[in-house]
Amino acid sequence: MLYISRWKMLAIIVSTLIVCSFAIPNFFPKDEVETWPKWAQRHMVLGLDLQGGSHILLEVDSAAVRKEKIETLRDDVRRVVRENKLGSPAAATIRGNTVEFRIREGVDPKLALQKLQELSQPLGGLLQATGQRSVDVVDAGGGLFRLTVTEPALLERIRQSVDQSIQIIERRVNELGTVEPSIARQGADRILVQVPGLQDPQRLKDLLGKTAKLTFRMVDMTTTPEQAETGKLPADSELLRGSKSENAQPYVIEKRVVVSGEDLVDAQPGFDQRTSEPVVNFRFNNNGARRFAEATQVNVGRPFAIVLDNEVISAPVIREPIIGGSGQISGNFSVESANDLAILLRAGALPAPLTIIEERTVGPGLGQDSIDNGVRAAWIGSLAVVIFMFATYGLFGLFANIAVAINVAMIFGILSLLNATLTLPGIAGIVLTVGIAVDSNVLIYERIREEVRAGRSALNALDAGFTRALATILDSNITTFIAAAVLFYIGTGPVRGFAVTLGIGILTTVFTAFTLTRLMVALWVRWWRPRTVPI
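What counts, and where the lines are drawn
Residues numbered from 1 in each chain as written. Predicted model: local features only at pLDDT ≥ 70, side-chain atom pairs only at ≥ 80, totals over all residues. Heavy atoms only, no water. Helix = DSSP H or I, 4+ residues; strand = E, 2+ residues; numbered from the N terminus. Expected span 1.5 Å × (residues − 1). Buried < 20%, exposed > 50% of the residue type's maximum accessible area, 1.4 Å probe, protein only. Arc of directions from axis to C-beta. Contact = heavy atoms within 4.5 Å. Polar contact = N/O pair within 3.5 Å; in protein donor to acceptor, adjacent residues only side chain to side chain. Bend = angle between axes of the 7 residues up to and from the residue. Pairing = 2+ DSSP bridges. Patch = residues over 30% accessible without salt bridge, like charges linked within 9 Å, V, L, I, M, F, W, Y side chains within 5 Å. Areas by Shrake-Rupley, 256 points an atom, 1.4 Å probe, with all protein chains shown as cover. Salt bridge = Lys/Arg side-chain N within 4 Å of Asp/Glu carboxyl O. 1 Å grid on protein atoms, 1.4 Å probe; cavity = no way out; pocket = protein on both sides within 12 Å on 5 of 7 lines; lining within 4 Å. Points joined across faces, edges and corners; volume = space filled by probe spheres on them. Nonpolar A, V, L, I, M, F, W, Y, C, P; charged D, E, K, R; others polar. Lys, Arg positive; Asp, Glu negative; His and termini not counted. Core = buried A, V, L, I, M, F, W, Y, C linked by side-chain atoms within 4.5 Å.

On to helix α9 (residues 286–298), then. Between its first and last C-alpha atoms α9 spans 19 Å; for 13 residues at 1.5 Å apiece the expected length is 18 Å, and the two agree. Along α9, the residues classified as buried are G288, A289, F292, A293, A295 and T296. Angular distribution of buried residues about the axis of α9 spans 165°; they occupy a single face of the element. Looking at α9, the residues exposed on the side facing more than 90 degrees away from the buried face are N286 and V298. On its buried face, α9 is in contact with β9 (214–218), β12 (259–260), β14 (278–284) and β15 (304–308). At the N-terminal boundary of α9, the capping side chain belongs to N285, with an oxygen 2.7 Å from the backbone nitrogen of G288.

Turning next to helix α14 (residues 458–490). Its 33 residues give α14 an end-to-end C-alpha distance of 48 Å, which sits within 8% of 48 Å, the value for a rise of 1.5 Å per residue. Of all the bends in α14, the greatest, near 40°, is centred on L470. Those residues of α14 lying buried are A458, A461, L462, A464, G465, F466, A469, I473, N477 and A484.

With that settled, consider unusual backbone geometry. Not every positive phi belongs to a glycine, and K85 is a case in point at roughly 55°. Along the chain, the position of K85 falls in the loop between α4 (62–84) and β3 (93–95). The class for K85 is exposed, based on a relative accessible area of 61%. Phi is positive for S276, close to 65°, though the residue is something other than glycine. Position of S276 relative to the elements: it lies in the loop between β13 (264–271) and β14.

Of the pairings in the sheet, the one linking strand β4 (residues 98–102) to strand β6 (residues 144–149) comprises 5 bridges and is antiparallel in character. Within β6, the position partnered with R102 by the bridge is L144. Two strands pair when backbone bridges link them, and strand β5 (residues 135–141) and β6 are joined in this way by 6 bridges, in the antiparallel orientation. Counted as the bridge partner of G141 is L144 from β6. Linking β5 back to β6 in an antiparallel pair, the connection comprises 2 residues, with G142 at a positive phi of about 70°.

A cluster of nonpolar side chains, contributed by L470, L474, I478, I482, V486, Y489 and I490, occupies part of the molecular surface with about 700 Å² of accessible area. The residue I478 is located in helix α14 in this model. Taking the relative accessible area as the measure of exposure, I478 reaches 47% and is therefore partly exposed.

Take the layout of surface pockets next. Unfilled space is identified by rolling a water-sized probe across the atoms. The volume enclosed by the largest pocket comes to roughly 2,000 Å³. Elements represented by at least two residues in the lining of the largest pocket include exactly α4, α6 (151–175), β9, β12, β13 and α10 (335–347). Considering every element that reaches the lining of the largest pocket, the biggest residue donor is α4, with 11 residues. For the lining of the largest pocket, the residue count by class is 20 nonpolar, 8 polar and 21 charged.

Quick look at the side chain of D220 now. The topology assignment puts D220 in the loop between β9 and α8 (225–229). No salt bridge forms around the buried D220; measuring N to O, its nearest opposite-charge neighbour R302 is 5.8 Å away. A polar atom in the side chain of D220 sits 2.5 Å from the side chain of T222.

This brings us to the nonpolar core. The nonpolar side chains of a soluble globular protein tend to be buried with one another. Judged by nonpolar contacts, the single largest core of 36 residues is most densely connected at F396, Y445, I448 and L462. Counting only elements with at least two residues in this core, the list comes to α11 (364–393), α12 (395–417), α13 (424–453), α14 and α15 (494–528).

As a further point, take the pairing of β9. Across the 5 residues of β9, 5 count as buried, placing the element largely inside the fold. Side chains of β9 alternate between two faces, with L214, F216 and M218 and T215 and R217 buried alike. Looking at chain direction, β9 and β15 are connected through 5 bridges and run antiparallel. In the sheet register, F216 faces β15, and the bridge partner there is I306. Sheet analysis places β9 next to β12, joined by 2 bridges and oriented antiparallel. Each bridged residue has a counterpart across the sheet, and for F216 the counterpart in β12 is V259.

Now the structure itself:
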């Protein structure tokens, strides 16, 4: 057990040095680290509680999600009515969560019921086994049909909206260039966003508060905005205002969407070659490019509107067909606003509006106090452990202290390799790991003492101590690791930070206790050939 071949010895030393070396960038200034090769730019990130930053709690507008779901159902009903000639599509109206439609005379009610029931789909997941469906279709008699969006379908749509919003928010925040933002679901319809190091949250709020629903639509030339304001508004058009940069000029815009933002594949800020003003250059996918080309070919001379969140950014006149699948958005942008708009368009549109219900800004002073207190506690605790181990076990206590120091260095190395975020609970996990690592060595050393008392020789006692303590140490560390895994998967935020450092610490503890400590003892035995065990 105490014999370690040269190849094993070399493998242990090299692997330990490699893991510990990943912690080196944390001791150099960030500017200097950025000049290193990419693979070497691994470092830990201080969390919100250590370096300060912005904390924003968002709530998905459930009412808007419900409204959109019902309006989508109405549009689907109108499509079915039009395709099957069941009556006038305009007859489909919304009442609460219900879409009502009356078929025209001469239409078979059974046929109408069959076609409308095709809009009702079984809900996936666990609800599918209960027979829940997305829409309840009822024949009220007299040619009147009522289609109601079920509550489970609405709740499922809200859940999907939160999931989609989390992904889009993550893309938007990452585009800002911030480091390791924390974005997590809170409850059924809330999202927690924490961005360490961001002291001015206004720009973040502006990015998160916009739905960024982009559409390209034609301007309705059959009526003027003045006539529309007096009530003479066509049924298939709506009155929209221009953005602030357009002095809120009104426009009559067709509701029909020529191309939506979903067909965008890229959006980048740039400058107009003629005016040198900031613009946003965009590019469509194949489907969007085809639809945009068709629309511009048949509407040369007509203005089309670029609408973002129900505001007209610009309404240029189509001078010639645009068949390249790309273009630019202009609207008296500043450099920063053009960059922010490009970020919004690249990240995609939020499925529903978000409301900021809580906002906190944590100053870096609080974080520095926390760091100082945490470091002080870690030093005091570690020093006490070192003194206790050296006083209790002498030379073997020194071996244990060296192994614990390397253990902590390996934890920092792995955290740096993962670009993990270090929080106050994470520091607590590291301090706790020191105690666990020492506990493993205590089990080994006490077992050696028992073997010595039983009359075994020095070599046999050392060998038996490491061998027989293995099962006990593995059992205790595995149970602790299971607890850490449960905390990681169930907990959020700081709890997960504690679980990560604790879990990594358990793995490095097992490694150091049964490789490094054993290696040091084996080398000591080889060099000194002891007759007794100084323990």
